[in-house]
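Examination of the molecular architecture
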Amino acid sequence: MRLSKMCVPYFRSSDVGSRPTRKPSWRIAVAIAMTAGMAACSSNEPENIGQIGAVSGYLGGVVADEPRAVRNARDVLSAGGTAADAAVALYATMTVTKPSVAGIGGGGVCVVHDRVSKKVEVLDFWPRPGTRTSSDQIATTIPAVPRGLYALSARYGRLEWRSLLSTAEQYARLGVPVSRSLVNDIEANQDQVYASPMLRNSLMPNGKVLQVGDRIRSVNLAALLTSLRVQGPGEFYNSALGARVADAVQEAGGTLTADDLRNYRPEWKTATEVKVGNETLYLAYPPRSDSGPSVISQGEELGDILNRYLADITAGDNSAQAASGRSGFVVVDRAANAVACVTTMNKPFGAGLGAEAFGLGLAAGDVAHAATPLIGPALMVNPYVWEYYYGIAGTGTPAGATKQIATMAEDLIGSGAASGIAMSTDGKASVNVIRCLEGTPPHPESCRFIADPAGGGMAGTR
């Protein structure tokens, strides 16, 4: 088990020049200090870290578009994991239970708040197109998820990497009941699924759409998850395995080389900051537009930047954005660490091809679909005491972006602030939110975990 910190009793010698009137036994002094130190440790750290139920009382919470992924992330929080640990486990689970928007061959972007280091930053592992080696290839992307999730775990996680992938691996190997969330995505994209032998075999067996409660299973994906769990992502990107994966993708007609895999790195970036009263809102991506009409007339700096995002939605052709395969989730732990992410396959279920022998489907790599979302995930914290207040993430489609902007305006500016927004209907409009508007950790009772019914997911907390 890996812990980011260890609780060790701290001893300090007497101040220079002081003269104690008595000289207590050093053994008694050490015993008293160690007892006090261990008592402090036990008050801050749950026992049996890594086991479900290690955390008693409030453990934080998670909202996402797939119920089993939410349950797994909640178990990680219950075991004493950080928000980053829970986010890794959630995303890994979704590669099995909701491959329409998440896959090992996909990517994403996260805004991460770490209270101990007093830092908020962006982890960008949005999938990039692979190298084209012949003119007749279908554009696919470089798998970004293994290194992206590992980067999140390594920097802000607490539990062992292996433990975070084990449930997803088990689901892939033994099978897992299909959720309404996935069935809705299959039904909405039947033509695309049926046109891909790789997708049709697993999602439309015998030409019929899977129903809620049917089991989805992928032994090949389970083997890949086993490799990632045991060996870490280095084996996937740098070894002969990576070369075999690249060859398989090219043979299937996709764009990917061994050098693409070897050279890929996720990026840690500075978030876009917006003052909201005493708090700061941290956004994954700045708006593309320099200005926009005053649709939202209140909120000063926040209203201005939301208007610029609205201008992005109305500018140009967003048809590819409307057809994107994305999802958003938010996690907060009991210590007020938080992660808000958007996952992506660029199109629903990706390009429909990849390395089938490895259970690897790839995100679509054409430029229009690979574009970053119209608005990404966001977190709001107080930069003086580093308390968590707000987190939101959605699909980033025109419909999802307008819904997210309207939700942020109503929540953070005031009732009626979104009255002038013309809601788009292009694309899926699922937006998940965790609001703690009195601040946590001081006031966890103020937290509200809101899973959008349009996503078919749920909220998990205690």
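Everything below is about the structure shown above.
Everything numeric here is computed off the predicted structure, so don't read it as measured data. (Residues numbered from 1 in each chain as written. Predicted model: local features only at pLDDT ≥ 70, side-chain atom pairs only at ≥ 80, totals over all residues. Heavy atoms only, no water.)

**Some words on empty space enclosed by the protein**
Scanning the model with the defined rule gives 2 cavities of 30 Å³ or more in all. Empty space within the largest cavity amounts to approximately 50 Å³. Forming the walls of the largest cavity are A92, I104, V145, P146, L149, W161, L165, L225 and L228. When residues of the lining of the largest cavity are traced back to their parent elements, those giving at least two are α4 (145-156), α5 (161-174) and α9 (219-231). A total of 3 residues in the lining of the largest cavity trace back to one element, the largest contributor, which is α4. Partitioning the lining of the largest cavity into residue classes produces 9 nonpolar, no polar and no charged. Its volume calculated, the second largest cavity comes out at about 30 Å³. Lining the second largest cavity, in full, are T82, A83, A84, V112, H113, D114, Y156, N337, A338 and V339. Counting residues per element, the ones that place at least two in the lining of the second largest cavity are α3 (83-97), β2 (107-114) and β10 (338-344). (1 Å grid on protein atoms, 1.4 Å probe; cavity = no way out; pocket = protein on both sides within 12 Å on 5 of 7 lines; lining within 4 Å. Points joined across faces, edges and corners; volume = space filled by probe spheres on them. Helix = DSSP H or I, 4+ residues; strand = E, 2+ residues; numbered from the N terminus. Nonpolar A, V, L, I, M, F, W, Y, C, P; charged D, E, K, R; others polar.)

**Looking at the environment of V249**
The residue V249 is located in helix α11 (residues 240-252) in this model. The sequence separation of V249 and L360 amounts to 111 residues, and the corresponding C-alpha distance is 9.0 Å. Look past the residues within four positions of V249 in its chain and what remains in contact with it is T140, G254, T255, L256, G354, A355 and L362. (Contact = heavy atoms within 4.5 Å.)

**Observations regarding the state of the cysteines**
Under the definition given, this model contains 2 disulfides. Each sulfur of the disulfide joining C110 and C341 lies 2.0 Å from the other. Between C110 and C341, the S-S dihedral sits near 105°, and the bridge is therefore right-handed. One end of the pair, C110, is in strand β2; the other, C341, is in strand β10, with 231 residues separating them in the sequence. For the pair C110 and C341, one class covers both residues: buried. Each disulfide pairs two cysteine sulfurs, and for C436 the partner residue is C447, the sulfurs being separated by 2.0 Å. Residues C436 and C447 are joined through a disulfide that is right-handed, its torsion about the S-S bond being 110°. With C436 in strand β15 (residues 431-440) and C447 in strand β16 (residues 447-450), this pair connects stretches of sequence that are 11 residues apart. (Disulfide = S-S within 2.5 Å. Buried < 20%, exposed > 50% of the residue type's maximum accessible area, 1.4 Å probe, protein only.)

**Side note on the side chain of T344**
With respect to the element layout, T344 can be found in strand β10. Residue T344 is classed as buried on the basis of its relative accessible area, which comes to 0%. Reaching out from T344, the side chain makes a polar contact with the backbone nitrogen of N346 at a distance of 2.8 Å. Excluding residues within four positions of it along the chain, T344 makes contact with Y91, V101, G106, G107, G108, W126, P127, G325 and R326. (Polar contact = N/O pair within 3.5 Å; in protein donor to acceptor, adjacent residues only side chain to side chain.)

**Section: the sheet that holds strand β9 (residues 326-333)**
With antiparallel pairing, the 7 strands of this open sheet are ordered in space as β6-β3-β2-β10-β9-β1-β17. Edge positions in the sheet fall to β6 (267-269) and β17 (458-461), since each has one partner strand and no second. Put simply, the sheet's adjacent strands are angled 15° from each other on average, direction ignored. Helix α2 (residues 67-78) rests against β1 (60-64), β9 and β17 of the sheet, and its axis sits at about 15° to β17. (Pairing = 2+ DSSP bridges. Axes fitted to C-alpha atoms, helices over the stretch in contact; angles between N-to-C directions.)

**Details of the packing of aromatic side chains**
Scanning all chains against the criterion turns up 5 aromatic pairs. A centroid spacing of 6.1 Å and a plane angle of 50° characterise the contact between Y91 and F125, whose relative ring orientation is tilted. With Y91 in helix α3 and F125 in strand β3 (residues 119-125), this pair connects stretches of sequence that are 34 residues apart. F125 shares its class with Y91; the two are buried. Ring geometry for F236 versus Y237: centroids 5.0 Å apart, planes at 85°, classification edge-to-face. Judged by its relative accessible area of 0%, F236 falls in the buried class. Between R147 and the ring centre of Y237, over which it is positioned, the NZ or CZ distance is 4.3 Å. (Phe/Tyr/Trp six-rings, centres within 6.5 Å; stacked < 30°, edge-to-face > 60°. Lys NZ or Arg CZ within 6 Å of the ring centre and 35° of its normal.)

**Points about the sheet that holds β16**
With respect to topology, 6 strands assemble into an open sheet ordered β7-β8-β13-β14-β15-β16, the strand pairing being antiparallel. One side of each edge strand has no neighbouring strand; the edge strands of this open sheet are β7 (272-276) and β16. Pairwise comparison of adjacent strand axes, ignoring direction, gives a mean angle of 10° for this sheet. The strands touched by helix α13 (residues 301-314) within the sheet are β7 and β8 (279-283), with β7 carrying the most contacts at an inclination of about 135°. The sheet contacts of helix α15 (residues 398-412) involve β7, β8, β13 (378-381), β14 (388-394) and β15, and relative to β14 the element is tilted by about 160°.

**Section: the pattern of salt bridges**
Evaluation of the coordinates by the stated rule reveals 9 salt bridges. A salt bridge links R229 to E169, with the nearest nitrogen and oxygen atoms 2.4 Å apart. Residue R229 is located in helix α9, and its partner E169 is located in helix α5; the two are separated by 60 residues in the primary sequence. Note on E169: relative accessible area 7%, which makes it buried. R435 is the partner of D411 in a salt bridge, and the nearest nitrogen-oxygen pair spans 3.1 Å. Here R435 lies in strand β15 and D411 lies in helix α15, a separation of 24 residues in the sequence. A residue is classified by how much of its surface remains accessible, and R435, at 24% relative accessible area, is partly exposed. When salt bridges with common partners are traced through the structure, they connect K98, D185 and K428 into a single cluster. (Salt bridge = Lys/Arg side-chain N within 4 Å of Asp/Glu carboxyl O.)

Any functional reading would require information that these geometric values do not contain.
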